[in-house]
Amino acid sequence: ISDVLGVEVFRQIVGGQALVGSYCKFSNQGGMVHPRTTVEDIEELSSLLQVPLVAGTVNRGSDVLGGGLIVNDWASFVGLDTTSTEISVIENIFRLSGAGGGSGGQLGAQGQQSNIVTNMRSSLIDQLS
């Protein structure tokens with residue numbers, strides 16, 4: 001992985017689980033880990049990755065984050081059973097809800113992404129209602 005992608009690789013377990021891809025999610029803005037991850041492990045991972053981390057769940061308490069959450073730097077998708085509290089934690093840790101526009105009435109890239117997310121969210125809610 002290190003040779004092909006040209007990145008630094010760390011060997012780690014998350015919440016006592018070896019399948020780290022199923023029990024944690026990261027973006028350039030933040031990360032979420034298995035709810036049984038110790039505070040020491042969260043702090044260690046946070047300092048290695050240089051992003052804020054939080055322990056959490058999706059889909060009404062599922063600790064398998066990979067089975068219910070997809071996230072990048074400007075949007076996330078969660079399972080239908082995900083509660084509003086879980087969504088709020090996800091939006092906060094990945095900094096998805098506070099995008100602002102540029103000056104002079106023109107939207108910057110972050111504002112355009114915010115509009116895309118808002119429109120997508122509205123259409124999904126309309127479709128599922």
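Residues numbered from 1 in each chain as written. Predicted model: local features only at pLDDT ≥ 70, side-chain atom pairs only at ≥ 80, totals over all residues. Heavy atoms only, no water.

(A) Main features of the sheet that holds strand β2 (residues 31-33). Ordered by their spatial adjacency, three strands build an open sheet running β1-β2-β3, and the pairing between neighbours is mixed. Of all the strands in the sheet, just β1 (24-26) and β3 (53-55) have a single pairing partner and so form its edges. Pairwise comparison of adjacent strand axes, ignoring direction, gives a mean angle of 15° for this sheet. Pairing analysis gives three bridges linking β2 to β3, with the strands arranged parallel. Among the inter-strand pairings, Met32 is bridged to a residue of β3, identified as Val54. Sheet strands in contact with helix α3 (residues 39-49) are β1, β2 and β3, and its direction is about 150° off that of β3. Against the sheet, helix α4 (residues 84-93) engages β2 and β3, with an angle of about 135° to β2. (Pairing = 2+ DSSP bridges. Helix = DSSP H or I, 4+ residues; strand = E, 2+ residues; numbered from the N terminus. Axes fitted to C-alpha atoms, helices over the stretch in contact; angles between N-to-C directions. Contact = heavy atoms within 4.5 Å.)

(B) Broad picture of the layout of surface pockets. In this model, the largest pocket occupies a volume close to 530 Å³. Around the largest pocket, the lining comprises 18 residues; the ones closest to its centre are Ser76, Val78, Ile87, Arg121 and Leu124. Sorting the residues of the lining of the largest pocket by element identifies β5 (76-78), α4 and α5 (109-128) as the ones contributing at least two each. Counting residues per element, the lining of the largest pocket draws most heavily on α5, at six residues. For the lining of the largest pocket, the residue count by class is 13 nonpolar, three polar and two charged. Looking at the second largest pocket, its volume works out to about 350 Å³. Along its surface, the second largest pocket is lined by 14 residues, and Phe10, Cys24, Phe26, Leu45 and Leu49 are the ones closest to its centre. (1 Å grid on protein atoms, 1.4 Å probe; cavity = no way out; pocket = protein on both sides within 12 Å on 5 of 7 lines; lining within 4 Å. Points joined across faces, edges and corners; volume = space filled by probe spheres on them. Nonpolar A, V, L, I, M, F, W, Y, C, P; charged D, E, K, R; others polar.)

(C) Quick peek at the side chain of Ser27. Counting through the fold element by element, Ser27 comes out in the loop between β1 and β2. Among the polar contacts made by the side chain of Ser27, one reaches the main-chain amide nitrogen of Gln29 at a distance of 3.0 Å. (Polar contact = N/O pair within 3.5 Å; in protein donor to acceptor, adjacent residues only side chain to side chain.)

(D) The arrangement of a nonpolar patch on the surface in detail. A contiguous nonpolar patch, built from Ile1, Val4, Leu5, Val7 and Val9 and spanning about 540 Å² of accessible area, is present on the exposed surface. Summarising the element assignment, Leu5 is placed in helix α1 (residues 2-5). The class for Leu5 is exposed, based on a relative accessible area of 58%. (Patch = residues over 30% accessible without salt bridge, like charges linked within 9 Å, V, L, I, M, F, W, Y side chains within 5 Å. Areas by Shrake-Rupley, 256 points an atom, 1.4 Å probe, with all protein chains shown as cover. Salt bridge = Lys/Arg side-chain N within 4 Å of Asp/Glu carboxyl O. Buried < 20%, exposed > 50% of the residue type's maximum accessible area, 1.4 Å probe, protein only.)

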